[in-house]
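# Residue-level structural notes
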Amino acid sequence: MCGIPCSGKTTRATELASLLEKYISDHAPTLSEKKISIRPNVVILNDESLKIDKTSAYSDPTSEKNARASLLSAVERHLSRETLLICDSTNYIKGFRYQLYCIARALGTPHCVIYCGSTPTQSLQFHSSISDSQKTYPLDTLQALTSRFEEPDSRNRWDSPLFIFSPSDDSASEIENIAQALIYKKPPQPNLSTVVKPLTETNYLHSMDRATQEIVDAVLQAQQDGKGGGESIVVPRSEVKVVLPGRTVTMSEMRRLRRQFTNLNKMHTELDLEKLAGGFVEYVNANF
Ligand SMILES: Nc1ncnc2c1ncn2[C@@H]1O[C@H](COP(=O)(O)OP(=O)(O)OP(=O)(O)O)[C@@H](O)[C@H]1O
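Because the structure is a prediction, the values reported are computed rather than measured. (Residues numbered from 1 in each chain as written. Predicted model: local features only at pLDDT ≥ 70, side-chain atom pairs only at ≥ 80, totals over all residues. Heavy atoms only, no water.)

Glancing now at the side chain of asparagine 265. Inspection of the secondary structure puts asparagine 265 in helix H10 (residues 251-265). In this structure the side chain of asparagine 265 is engaged in a polar contact, spanning 2.9 Å, whose partner is the side chain of arginine 105. (Helix = DSSP H or I, 4+ residues; strand = E, 2+ residues; numbered from the N terminus. Polar contact = N/O pair within 3.5 Å; in protein donor to acceptor, adjacent residues only side chain to side chain.)

Take a look at the structure:
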């Protein structure tokens, strides 16, 4: 899921989960014929199921980071090729959505993004209708999160396929398309090498280390040379260029991105060096 706070994500997720469960039950013979094994129950992960307190978890950067880390590790624990899982959170940072996409890709299972496209005015109305006993974000947190929201864009692999729902839209109208995207679609393979000989497993981590370090060095060097906001930088081994943000990129930020990318891809030993380098550049651009 994706959407600003109080945009109706949990309401939509619950509706979609029961519609998908019905779909799985109604289509059992077809699924079995196609040898598709899928559990009958849809798992929903959100602040409530993870016992995260919305009233405080998003009020400062450290708590917010912890909340996101809990969600990410819960997704890693629960997702499998047989499980339909809904990650019901704002997922408002595109780099975070990219991380979710990588988890699905590493498992070889499809994903999609359901965007609850309520307007800020509609979400404020929903917020004001919630009684004080149902704990939710304080108004200022809601507004801060709304202003930081990075809207999904179906041109990005990690935001595609994208399904957009307004509050008045009927969940049932899209269920066939969502089922096609999640149940029948072949797992994503955009980064897999088909022509280049894969690296041996022993060399893999070493090669990834070197390739990503060379890119980090190139970015920091370009910045030292006076390159800045919006400029594209050619980096080693990648056809995709790094696009610098309109602020200074620090060495520790690049180190963190490199560590995260390495962790996400360390099992992905079928990738060749060029795909790895291109993937790292995409990851860096998404997180800038
Ligand atoms: N389509 C809708 N029409 C009217 N009210 C709605 C609609 N969707 C959700 N609501 C109401 O808005 C409030 C917030 O809904 P919900 O919890 O689904 O949003 P959310 O995006 O998951 O919120 P949060 O960001 O807190 O997780 C609830 O009181 C819910 O009943």
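A word on a positive patch on the surface. Together, Lys65, Arg255, Arg256 and Arg259 line one region of the surface with positive charge. Examining the composition of the positive patch, we find that three residues originate from one element, H10, more than from any other. Among the structural elements, arginine 255 can be located in helix H10. (Patch = residues over 30% accessible without salt bridge, like charges linked within 9 Å, V, L, I, M, F, W, Y side chains within 5 Å. Areas by Shrake-Rupley, 256 points an atom, 1.4 Å probe, with all protein chains shown as cover. Salt bridge = Lys/Arg side-chain N within 4 Å of Asp/Glu carboxyl O. Lys, Arg positive; Asp, Glu negative; His and termini not counted. Charge placed at Lys NZ, Arg CZ, Asp CG, Glu CD.)

We now examine the domain arrangement of the chain. Here the chain is partitioned into domain 1 (9-184) and domain 2 (201-287). The distance between the C-alpha centroids of domain 1 and domain 2 comes to 28 Å. Domain 1 puts ten residues into the contact, and the matching count from domain 2 is nine residues. On the domain 1 side of the contact with domain 2, Tyr98, Gln99 and Arg105 bury the most area, a combined 46% of that side's loss. Put simply, domain 1 and domain 2 have one salt bridge between them. (Domains from an automatic or database assignment. Contact = heavy atoms within 4.5 Å. Buried area = accessible area lost by both parts, 1.4 Å probe.)

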